[in-house]
Each structure stands twice: as structure tokens, then as C-alpha cells.
Amino acid sequence: MLQPYSLLFCHAAQVLTLAGGPTDKPLTGAAHADWRIIEHGYVACLGDTIAAVGPMDELDAARIGPDTRVVDASGRVLMPGLVECHTHLVFGGNRADEFQRKLQGESYLDILASGGGILSTVRKTRAAAEEELLQSALHHLDGFRRYGITTLEAKSGYGLDAETELRLLRVAQQAGAQQPVRVVPTFLGAHVPGPEYKGRPADYLAMLAADVLPQLDPAAVPFVDIFCEEGAFSVDDSRHYLQRARELGFGLKIHAEQLHDLGGCLMAAELGAVSVDHCDYLTPEGAAQVAAASQGRTVAVLLPLVPLYLRQEKYAPGRQFIEAGLPVALSTDFNPGSCPSKNLWLALQVACLKMGLTPREALAAVTLNAAWAIGQQANCGSLAPGKRADLLLLGVPDYRELPYWLGENPVEQVVIGGQFV
Ligand code: NIG
Ligand code: FE
């Protein structure tokens, strides 16, 4: 006899399965929106795993036992936990002092060139005790969980020396172990050249490649990222560094085409990067090249709250990226400079308003495609039997209300690994 379910959500007005599309690559083109919604459905879990998903009239009542926890989801939407695939979770202090400078017209790169921006957070991060950084990361993870984030990528990048960068990765791992949101660490030592290497970006990358990368285990820190931009690292230096990271067994990511069209996205896609992030200056033609170079496997992670917060007019043309065959994911880019927000729902809404994504495309971009962008597609991102039981109960009856209630958090309950958290 089959085991009784441990947890059963029933009578949901809609179950957004995110399933039904191709399973061998991220969603793009028509498939980006063509996933299955079940009206009047259920989701059943066995321990930490999803056991069955379907319409109520197909629920196997024999599997409801005396110990099954039954939750009435009527009038509500059920969906997979959100996957936040690009954050700079661990940092010291904040940059509220720079907000006023920005309002007065100073640009992001001007503030960075004057020793502020990322470098000001580096000073505060280096000065912070490890315990202080851990408490701050835990505080922010708690905030993310309330928004329904169940898996989150966390980059280092505010240490910019070997010792502090390793400390930030340690903090991200500890924070992951001390609360329920699953944390996937990424090494972004190549955020900008460390202050000790001013004007010598290639020497700084050589130091990271020699002193830090060999100390990292790709099983624990699966990705290496780099900021390819004026004032950070050139395309050639980035290529060289990412090639070395790939040889050592890391997955690759890049911050590229954020403020200029330098060609970093295409370079990274040619190296097999799992994602290219920002892309506000990537053209639709460039997107088609990235899609072709990666056979639709590299995900463009778009960060719509960043241009909003930096007061830029230009937003990545996400709609055209999808039409060009490039899979799109969405993230906040949570960090103390260009986006101090954890509200991934707001990012989804701004992506619909400013990047032309449809609500269904945007929902895929914060779940299944975001999971692909951090190599977690086998574990999360859709409600399919065998995946981890990470799911959300939302206080709306129809998914079309999700992009509509601007800035609101629709989450009523969060389940991670079959447990209410
Ligand atoms: O993804 N673009 C580069 N890095 C971060 C911002 C970091 C900061 O300003 O502190 C980003 O936007
Ligand atoms: Fe970023």
C-alpha cells in the first residue's frame, strides 16, 4: 500500500505548477509562458518531497491518513517557492549616505571612481566582525523568507582580499545552515579590483586565481562570477579569469552589459556560463547571439529594480530577449548600493511594466528559470513529483493579481522541504 501523504494542500483556486514544458533546458520563446496552471487543484507532499500535483477530482483519497496535515487552500493560489538567483547578501554597513548624492545627479560609476560605492562597502565589510556579518545575513534571509524566497544565491565581493572574501563565503554558508532558506554561494572576488590593486585589474585577478580559487571547493561554492564593466574588469581579463575558473570545475556567471555594451555576455555564453546578469545594454541582436552560442542554456538574469534605483532610463528588453530564444530569470540583485530591496515581487512587477514580460513569463522567471540560473533545476522551481516540497500559499485567487498589487507581498504561508517556516 502507498504511504499516506504527510502534507496536503487541497481546493486551491489555482496551482501554478511551472511544469509541462521542456525539462532539459530553461524556458524560452513560447515555452516561457506555456506551463500548466491547474484550476481547483491539490499539492501533496511526502516528507520533504512533492509526491503528487493535480486537479481535486484526481486526488487519491486513500492516501489521506490520520497523520496527514490537510490545509484548505480554497480561494488561494499555490505555487513553487521563489528562487532568488542573484544577491550580494553579505556586507557591512549600508550606503544611505550616498542616496542624496545620487539624487543630486552623481552617477553610479562617478561615485565608484571617487572611492565610494562598492569600495565604501568594502571598507565597512573589512571592519566588521564575522559574527556581525552573520547576524546581518540572517536578518536579510529572514526578510527574503517572508517574501516567499525558499532558495537564494549569495555572492561574496565586498572583501576584495583573499582573507575577507573567504570570510564572506563562510558567512554565507553558515547563514544557510542556521535557517531554512537554502543558500547557494557564489565567489565574486572579482567584483572590482581591490583597493590595493588600483589600476592593476589583471594583477588582482591573477592573485584571486592563484590564492583564492584553489582554496574553494566547487561542491560548496559552485559558481565564480565577475563584474565586466568600465571601472571593473575588461572582456579580455574576464575571459582569462573565467577560463581558469572553468578549468578548476566552477560554473560561471558574469555581471555584464549593465552600463555599456562591451560584449561580456557573449564571451561568457561562449564559455558555457550558466547565467549572464544585468543585460540592460544587451541588444536584441546580441541576445540572439548569446542564445545561439549557448543553445538556449545560458539564462539572462534581469534585475529591473537596479535601473529604477540608479535612476536610469534603460531597462533590458526582456520581451525581445525571450523572442530571440534567450531564457530570462528575474532577481532583485539585493545589495547595499544599486538595490537595497528584497522585494522580488516588486522586481516581477517592474519587469512586466518596464521590460515587457507577460505575467506568466515573469512567474517562470522567478521560479524555474531562476533555478536553472543557479543549477538548482532538479531540486526546485516547479511543483513536480520528486522535487523538494518548497511552496507558497498566496492570498490571491488568481495569478493575474500577482503583478497587479504593486509592491505588495501576497505570501500567506511558506513551506520549505515540507515544513512550514
Ligand atoms: O550587481 N554591478 C555591480 N555590482 C552590484 C552592485 C554592488 C554595489 O553597488 O555595492 C550589482 O549591481
Ligand atoms: Fe549583482
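Residues numbered from 1 in each chain as written. Chains lettered and ligands numbered in written order. Predicted model: local features only at pLDDT ≥ 70, side-chain atom pairs only at ≥ 80, totals over all residues. Heavy atoms only, no water.

If you walk across this open sheet you meet the eight strands as β6-β7-β8-β9-β10-β11-β12-β13, and the pairing is parallel. Where the open sheet ends on each side, the last strands, each with one partner, are β6 (82-84) and β13 (328-330). On average, each strand axis in the sheet is tilted by 25° relative to the strand beside it, whichever way the strands run. Pairing of strand β9 (residues 223-226) with strand β10 (residues 251-256) involves two bridges; the strand directions are parallel. The residue bridging Val-224 from the neighbouring strand is Leu-252, located in β10. Across the sheet, helix α4 (residues 130-146) is in contact with β6, β7 (149-155) and β8 (182-190); its angle to β7 comes to roughly 140°. Sheet contacts for helix α12 (residues 344-354): β6, β7 and β13; angle to β6, the most-contacted strand, approximately 90°. (Pairing = 2+ DSSP bridges. Helix = DSSP H or I, 4+ residues; strand = E, 2+ residues; numbered from the N terminus. Axes fitted to C-alpha atoms, helices over the stretch in contact; angles between N-to-C directions. Contact = heavy atoms within 4.5 Å.)

Right, let's get into unusual backbone geometry. With a phi angle near 55°, Glu-257 is a residue other than glycine that sits in the positive phi range. Here Glu-257 falls in the buried class, since its relative accessible area comes to 2%. Backbone geometry at His-278 places phi at a positive 90°, although glycine is not the residue there. Here His-278 lies in strand β11 (residues 275-278). Under the relative-accessibility criterion, His-278 is labelled buried at 1%. (Buried < 20%, exposed > 50% of the residue type's maximum accessible area, 1.4 Å probe, protein only.)

Applying the stated criterion to the full structure yields 19 salt bridges. With a closest N to O distance of 2.9 Å, Arg-101 and Glu-106 form a salt bridge. Look at Arg-101 and you get partly exposed, because its relative accessible area is 27%. Given the relative accessible area of 30%, Glu-106 is considered partly exposed. A salt bridge links Arg-239 to Asp-236, with the nearest nitrogen and oxygen atoms 2.8 Å apart. With Arg-239 and Asp-236 both in helix α7 (residues 235-247), this residue pair falls three residues apart, about one helical turn. Classification of Arg-239 by relative accessible area gives partly exposed; the value is 31%. Given the relative accessible area of 52%, Asp-236 is considered exposed. Where salt bridges share partners, they join Arg-126, Asp-161 and Glu-196 into one cluster. (Salt bridge = Lys/Arg side-chain N within 4 Å of Asp/Glu carboxyl O.)

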